[in-house]
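# Residue-level structural notes
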Amino acid sequence: MPWWLDLVLLAGAGLLWGRGSAAADDTWEFFLKLLAAAALLVVIFSGRLWLLELAALGLALWLPSAARCERRDAGL
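Since the structure is predicted, the reported quantities are computational estimates derived from the model, not experimental observations.

### So, the overall build of the chain
Looking only at helices and strands, the chain has four helices and zero strands in total. Reading the chain from its N end, one meets helices and strands in the order α-α-α-α. A buried classification covers 25% of the 76 residues belonging to the chain. Put simply, the chain shows about 5,200 Å² of open surface, and 71% of that area lies on carbon and sulfur atoms.

### Details of helix α1 (residues 3-21)
Taking 1.5 Å as the rise per residue, α1 with 19 residues should run 27 Å; its terminal C-alpha atoms sit 27 Å apart, in good agreement. Those residues of α1 that sit buried are Leu5, Asp6, Leu9, Gly12, Ala13, Leu16 and Gly20. Taken around the axis of α1, the buried residues stretch over an arc of 130°, which confines them to a single face. Those residues of α1 that are exposed and angled more than 90 degrees off the buried face are Trp3 and Ala11.

### What to know about helix α2 (residues 26-45)
Between the first and last C-alpha of α2 there are 28 Å, a value that for 20 residues agrees with the 28 Å anticipated at 1.5 Å per step. Restricting attention to buried positions, one finds in α2 the residues Trp28, Leu32, Leu35, Ala36, Ala39, Val42 and Val43. Along the long axis of α2, the arc covered by the buried residues comes to 115°, so they all point the same way. The exposed set on the far side of α2, more than 90 degrees from its buried face, consists of Asp26, Thr27, Phe30, Ile44 and Phe45.

### Remarks on the packing of α1 against α2
Orientation of α1 relative to α2, taken along the N-to-C sense of each, is 160°, at an axis distance of 8 Å. Viewed along their axes, α1 and α2 adopt a mutual orientation that is roughly antiparallel. Crossing geometry of α1 relative to α2 is assigned as left-handed. Two secondary-structure elements touch here, α1 through Asp6, Leu9, Leu10, Ala13, Leu16, Trp17, Arg19, Gly20 and Ser21 and α2 through Glu29, Leu32, Lys33, Leu35, Ala36, Ala39, Leu40, Val42 and Val43. Classifying every residue of the contact of α1 with α2 by side-chain character gives twelve nonpolar, two polar and four charged.

### As for the pattern of salt bridges
Applying the stated criterion to the full structure yields one salt bridge. Across the salt bridge formed by glutamate 29 and lysine 33, the nearest N and O atoms sit 3.2 Å from each other. Of this pair, glutamate 29 and lysine 33 both sit in helix α2, four residues apart, which is roughly one turn of that helix. Classification of glutamate 29 by relative accessible area gives partly exposed; the value is 21%.

What counts and what doesn't
- Residues numbered from 1 in each chain as written.
- Predicted model: local features only at pLDDT ≥ 70, side-chain atom pairs only at ≥ 80, totals over all residues.
- Heavy atoms only, no water.
- Helix = DSSP H or I, 4+ residues; strand = E, 2+ residues; numbered from the N terminus.
- Buried < 20%, exposed > 50% of the residue type's maximum accessible area, 1.4 Å probe, protein only.
- Areas by Shrake-Rupley, 256 points an atom, 1.4 Å probe, with all protein chains shown as cover.
- Expected span 1.5 Å × (residues − 1).
- Arc of directions from axis to C-beta.
- Axes fitted to C-alpha atoms, helices over the stretch in contact; angles between N-to-C directions.
- Parallel < 35°, antiparallel > 145°, perpendicular 65-115°, else oblique.
- Left-handed = near helix turned anticlockwise from the far one by under 90°.
- Contact = heavy atoms within 4.5 Å.
- Nonpolar A, V, L, I, M, F, W, Y, C, P; charged D, E, K, R; others polar.
- Salt bridge = Lys/Arg side-chain N within 4 Å of Asp/Glu carboxyl O.

Structure follows, in structure tokens:
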């Protein structure tokens, strides 16, 4: 695996872990931290599933945060 891809996955794992730590919902926090751990394991074991990991990272970053959904629902 190229070094730049390792850096992208490590940065993504750090971002997901940070977003997971700031999440208000315990389930969402666990899911984000699980994705971060999966990205870290890919870097550690140098797997060739980087397309799948990048797709999962993109999906996790695309999903709305629990706090934004709660603010939206509170305004109804």
